[in-house]
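This is what each chain is made of:
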Amino acid sequence: MRDDVSELEAFQKQVDDLMSTPGYDASDAFRMGEAIQQASDEDQETIRDYVEQKDWAKLGLKLYTMSFEYMESFAEREVLDYL
């Protein structure tokens, strides 16, 4: 059991290390664009709703969250490729 935890911790550390590099900056507009391209129908609808409501704070949070999750999944795949 401890080995599984150690492996998971090592994996997460590698992902966290990648996420802290400029290439994985979730606030980068290009990265946000990539995340929007991959957005689910539900996320696209939420984005439209926030724009229509002119709720810029929620829109910004949604876009950043989508971008962060997109980059995190990209980092996870990259780490897995090297294991």
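Shown above is the structure to which this text applies.
Summarised in this report is the structure supplied together with it. Predicted, not measured: the structure shown is a model, and the values here were computed from it.

**Looking at helix α3 (residues 41-53)**
With 13 residues, α3 should cover 18 Å at 1.5 Å per step; its first-to-last C-alpha distance of 18 Å lies within 8% of that length. Turning to α3, its buried residues number three or more, namely Asp-43, Ile-47 and Tyr-50. Along the axis of α3, the buried positions cluster into a sector of 65°, meaning they face one direction only. In this structure, α3 carries Asp-41, Glu-42, Glu-52 and Gln-53 as exposed residues pointing more than 90 degrees from its buried face. Residue Lys-54 follows α3 closely and has a positive phi angle near 55°.

**Quick notes on helix α4 (residues 56-82)**
Between its terminal C-alpha atoms α4 stretches 39 Å, which fits the 39 Å expected from 27 residues at 1.5 Å a residue. Looking only at α4, the buried set comprises Leu-59, Leu-63, Met-66, Ser-67, Tyr-70, Met-71, Ala-75 and Val-79.

**Points about the packing of helix α2 (residues 29-37) against α4**
Relative to each other, α2 and α4 sit at 85°, their axes nearing to 8 Å. When the axes of α2 and α4 are compared, the pair comes out roughly perpendicular. Side by side, α2 and α4 meet where Arg-31, Met-32, Glu-34, Ala-35 and Ile-36 of the first sit next to Leu-63, Tyr-64, Met-66, Ser-67, Tyr-70 and Met-71 of the second. When grouped by side-chain class, the residues that make up the contact of α2 with α4 number eight nonpolar, one polar and two charged.

**Here we look at the nonpolar core**
Residues Val-15, Met-19, Tyr-24 and Ala-75 are the most contacted members of the largest nonpolar core, which totals 17 residues. Sorting the residues of this core by element identifies α1 (2-19), α2, α3 and α4 as the ones contributing at least two each. Top element by residues in this core is α4. It accounts for seven residues. Non-local contacts of Tyr-24, meaning those with residues more than four positions away in its chain, are made with Leu-18, Met-19, Met-71, Phe-74, Ala-75 and Glu-78.

**Re the packing of aromatic side chains**
Applying the stated criterion to the full structure yields two aromatic pairs. Considering the side-chain rings of Tyr-24 and Phe-74, the 6.0 Å spacing of their centres and the 50° angle between planes classify their relative orientation as tilted. You can see Tyr-24 sitting in the loop between α1 and α2 and its partner Phe-74 sitting in helix α4, a full 50 residues away along the chain. In this structure Tyr-24 comes out as buried when scored by relative accessible area, which is 8%.

**Quick look at the pattern of salt bridges**
Across all of its chains, the model carries four salt bridges by this definition. Measuring nitrogen to oxygen at the nearest pair gives 3.9 Å for the salt bridge that ties Lys-58 to Asp-55. Overall, Lys-58 belongs to the partly exposed group, its relative accessible area being 44%.

Cut-offs used in this document
Residues numbered from 1 in each chain as written. Predicted model: local features only at pLDDT ≥ 70, side-chain atom pairs only at ≥ 80, totals over all residues. Heavy atoms only, no water. Helix = DSSP H or I, 4+ residues; strand = E, 2+ residues; numbered from the N terminus. Expected span 1.5 Å × (residues − 1). Buried < 20%, exposed > 50% of the residue type's maximum accessible area, 1.4 Å probe, protein only. Arc of directions from axis to C-beta. Axes fitted to C-alpha atoms, helices over the stretch in contact; angles between N-to-C directions. Parallel < 35°, antiparallel > 145°, perpendicular 65-115°, else oblique. Contact = heavy atoms within 4.5 Å. Nonpolar A, V, L, I, M, F, W, Y, C, P; charged D, E, K, R; others polar. Core = buried A, V, L, I, M, F, W, Y, C linked by side-chain atoms within 4.5 Å. Phe/Tyr/Trp six-rings, centres within 6.5 Å; stacked < 30°, edge-to-face > 60°. Salt bridge = Lys/Arg side-chain N within 4 Å of Asp/Glu carboxyl O.

Note that all results are geometric; they support no functional claim without further evidence.
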